[in-house]
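Descriptive analysis of the structure
Each chain is listed here by its residues.
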Amino acid sequence: MIKVLVIDDDFMVAKVHAGFVNKEPGFTVVGVAHSSSDAVKAATALSPDLALLDIHLPDMNGLELLQRLREVQPELDVIVISAAREMDTVRKALRGGIVHYLMKPFSWDDLRERLKHYAKTYQPLNVLRDKELEQADVNLLFGMGSQSRRPLPKGCSAETMSLVESIVRQTPEPISATETAEKLGTSRVSARRYLEYLAEENLAQVNLRYGGVGRPERRYSWNS
């Protein structure tokens, strides 16, 4: 579960933003702050993964607060949500290492799109934390993972493909379509479509297990 801290001086706006976040699967709001001092205290106590940060706060500019937050939580990610439209503000925010910059007013779909993009990047960071990275891994983290791939088969989703990739990467021994389906909560046929796609893209290799009567079982391992 991705823990979110909402930082906005307007009590009602903060409540609305928190409601938006809690509607998105995989996210939960662990705290709301209406000033920079409260935000620093909340970030220290709650260890959020992501902050939704307004630029205009009563006691400190949000860009200055961004640096303070990183001091107490170095791995904190930030999405700036602000009415500020000046190029200088946007440039400083980008140089501060934010994930996204979303201008007010915005719709639930606008925020949802950015949360989904963040989740897609956040998961591989955990999966790859303790391994030596290949160029393909770095491409994935920078949103370039699918540029050289064929389009997904009809009926397949990018979100499920990301989960299948994580399962294959994390499993120490070759895994079957049946075992993958159990982890995903989908059918064996559906899981195999994703696994075969990874094999065809040379991202996974197929290992044949012989035994008993009938065709050998196809098992998949990450092609590192």
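Check the entry above for the structure.
The notes below deal with the structure included here. (Residues numbered from 1 in each chain as written. Predicted model: local features only at pLDDT ≥ 70, side-chain atom pairs only at ≥ 80, totals over all residues. Heavy atoms only, no water.)

**A look at the overall build of the protein**
The line we're drawing: Runs of E in the DSSP output that reach at least two residues are strands. Runs of H or I that reach at least four are helices, and both are numbered from the N terminus. Remark: exposure states derive from per-residue accessible area (1.4 Å probe, protein chains only) relative to the maximum for the residue type, with buried under 20%, exposed over 50%, and partly exposed in between. Whether two residues are in contact is decided by their heavy atoms, any of which lying within 4.5 Å being enough.
Per the secondary structure count, the protein includes nine helices and eight strands. Here the protein, with 224 residues, has 42% of them falling under the buried criterion. Expressed as a percentage of contacts within the protein between residues at least 6 apart in sequence, the contacts between residues at least 24 apart total 60%.

**Looking at a nonpolar patch on the surface**
Heads up, the rule is: Note on patches: the residues involved have over 30% relative accessible area and no salt bridge, like charges join within 9 Å, and the nonpolar side chains Val, Leu, Ile, Met, Phe, Trp and Tyr join within 5 Å. Per-residue and other accessible areas follow the Shrake-Rupley method at a 1.4 Å probe size, with only the shown protein chains counted as cover for residues. Here, a salt bridge means any Lys or Arg side-chain nitrogen found within 4 Å of an Asp or Glu carboxyl oxygen.
Residues Val206, Leu208 and Tyr210 make up a contiguous nonpolar surface patch of about 310 Å² in total accessible area. For Tyr210, the location among the structural elements is in the loop between strand E7 (204–209) and strand E8 (217–222).

**With respect to the side chain of Gln73**
So the rule is basically this: Each polar contact in these results corresponds to two N or O atoms within 3.5 Å; when the atoms are within protein, one needs to be able to donate a hydrogen and the other to accept it, and residues that are neighboring in sequence are counted only if both atoms are side-chain atoms.
Mapped onto the elements of the fold, Gln73 is located in the loop between helix H3 (62–72) and strand E4 (77–82). Judged by relative accessible area, which is 16%, Gln73 ranks as buried. Of the polar contacts made by the side chain of Gln73, one reaches the side chain of Ser47; its length is 3.4 Å. With residues up to four places along the chain from it excluded, the contact list for Gln73 reads Ala43, Thr44 and Ser47.

**So, the sheet that holds strand E2 (residues 27–33)**
Worth spelling out the cut-off: A strand pair is defined by DSSP finding two or more bridges across the two strands. To obtain each axis, a line is fitted to C-alpha atoms, and for helices this fit is confined to the stretch in contact; angles are then taken between N-to-C directions over 0 to 180 degrees.
Pairing is parallel across the open sheet formed by five strands, whose spatial order is E2-E1-E3-E4-E5. Bordering the open sheet on either side are E2 and strand E5 (100–103), each of which pairs with just one other strand. Adjacent strand axes in the sheet meet at a mean angle of 20° when their direction is disregarded. Pairing between strand E1 (residues 2–7) and strand E3 (residues 50–53): four bridges, direction parallel. Bridged to Val6 within E3 is Leu52. Of the strands in this sheet, E1, E2, E3 and E4 touch helix H1 (residues 11–23), which is tilted by about 165° from E2.

**Examining the pattern of salt bridges**
Taken as a whole, this structure holds ten salt bridges when the rule is applied. Here the residues in one salt-bridge network are Asp8, Asp54 and Lys104, joined through shared partners.

**Things to note about the nonpolar core**
What counts is decided by this rule: The nonpolar core is taken to be a set of buried Ala, Val, Leu, Ile, Met, Phe, Trp, Tyr and Cys residues, with the residues joined through side-chain atoms within 4.5 Å.
Ranked by internal contacts, the top residues of the largest apolar core, which has 24 residues, are Ile7, Leu65, Leu69, Val78 and Tyr101. Ignoring anything within four residues of it in the chain, the contact list for Val78 reads Leu50, Ala51, Leu53, Leu66, Arg70, Ile98, Val99 and His100. Formed by 19 residues, the second largest nonpolar core is a distinct cluster that contains Ile2, Ala14, Ile81 and Leu102.

**Some details on the pairing of E2**
For clarity, the threshold we go by: When the strands point away from the viewer, a crossover counts as right-handed if the path from the first strand over the helix to the second runs clockwise.
Across six bridges, the pairing between E1 and E2 is parallel. Within the sheet, the bridge partner assigned to Leu5 lies in E2 and is Gly31. As for the winding sense of the linkage, the β-α-β connection from E1 through H1 to E2 is right-handed.

**What to know about the packing of aromatic side chains**
Applied cut-off: Aromatic pairs are defined between Phe, Tyr and Trp rings, using the six-membered ring for Trp, whenever the two ring centres lie within 6.5 Å; interplanar angles under 30 degrees are classed as stacked, those over 60 as edge-to-face, and all others as tilted.
Considering all chains together, one arrives at one aromatic pair under this definition. Each ring, one from Phe20 and one from Trp108, has its centre 5.5 Å from the other, and the planes form 35°; the classification is tilted. One end of the pair, Phe20, is in helix H1; the other, Trp108, is in helix H5 (residues 108–127), and 88 residues separate them in sequence. Of the two residues examined, Phe20 and Trp108, each falls in the buried class.

**Focus on the sheet that holds E8**
Within the open sheet, the three strands sit side by side as E6-E8-E7. Their pairing is antiparallel. Pairing within the sheet leaves two strands with one partner each, and these edge strands are strand E6 (175–176) and E7. Judged from the two bridges that link them, E6 and E8 form a sheet pairing that is antiparallel. Along E8, the bridge assignment pairs Ile175 with Tyr220.

**A short note on the side chain of Ser35**
With respect to the secondary-structure elements, Ser35 resides in the loop between E2 and helix H2 (36–46). In this structure Ser35 comes out as buried when scored by relative accessible area, which is 11%. Among the polar contacts listed, one links the side chain of Ser35 to the side chain of Ser37, at a separation of 3.2 Å. Contact partners of Ser35, with chain neighbours within four places excluded, come to Pro58 and Asp59.

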